[in-house]
Amino acid sequence: LALDVGMATFILHVEARVANHCGEGFYTIGPCGEELLAGAGLALRVGDAAALHYRHLSTSLVRALRAGRTMQQVMLDRARGFCISTLDPVGGGHHCLLGGG
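For clarity, every value in this text was computed on a predicted model and none was experimentally measured.

Draft legend 1. Representation of the pattern of salt bridges. According to the stated counting rule, one finds 3 salt bridges in the structure shown. Where Arg-45 meets Asp-48, a salt bridge forms, and the shortest distance between an N and an O atom there is 2.9 Å. We note a salt bridge from Arg-80 to Asp-77, for which the minimum N-O separation is 3.5 Å. Taken together, the residues span about one helical turn, with Arg-80 and Asp-77 both in helix 4 (residues 71-82) at a distance of 3 residues. Under the relative-accessibility criterion, Asp-77 is labelled buried at 9%. Salt bridges here are not isolated pairs; linked through shared partners, they connect Arg-69, Asp-77 and Arg-80.

Draft legend 2. Representation of the environment of His-95. With respect to the helices, strands and loops of the structure, His-95 is situated in the segment after helix 4. Those residues within four positions of His-95 in sequence are excluded, and the remaining contacts are Ile-84 and Asp-88.

Thresholds, definitions, all that
Residues numbered from 1 in each chain as written. Predicted model: local features only at pLDDT ≥ 70, side-chain atom pairs only at ≥ 80, totals over all residues. Heavy atoms only, no water. Salt bridge = Lys/Arg side-chain N within 4 Å of Asp/Glu carboxyl O. Helix = DSSP H or I, 4+ residues; strand = E, 2+ residues; numbered from the N terminus. Buried < 20%, exposed > 50% of the residue type's maximum accessible area, 1.4 Å probe, protein only. Contact = heavy atoms within 4.5 Å.

Rendered as structure tokens:
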């Protein structure tokens, strides 16, 4: 699971940069190395608080998957967050918010 989430995190950050370059995305802060924090998501319980400030994507992906969401649902929601889509379940198109799960 940690490897799958690490790869998904990397892909999401790359796609965020591509979307930004095309004028369709607005979130490109994601740091390199964050992929390894999937292990933190495995160590935490799904409901535990975690404030990782800009290094939370892998951890939140693992937690969402452990809570029963599919990888497709999680990836689509994060992509919507990067583009500040009105379909983003967290921000609803008002701001780039990547929390929730």
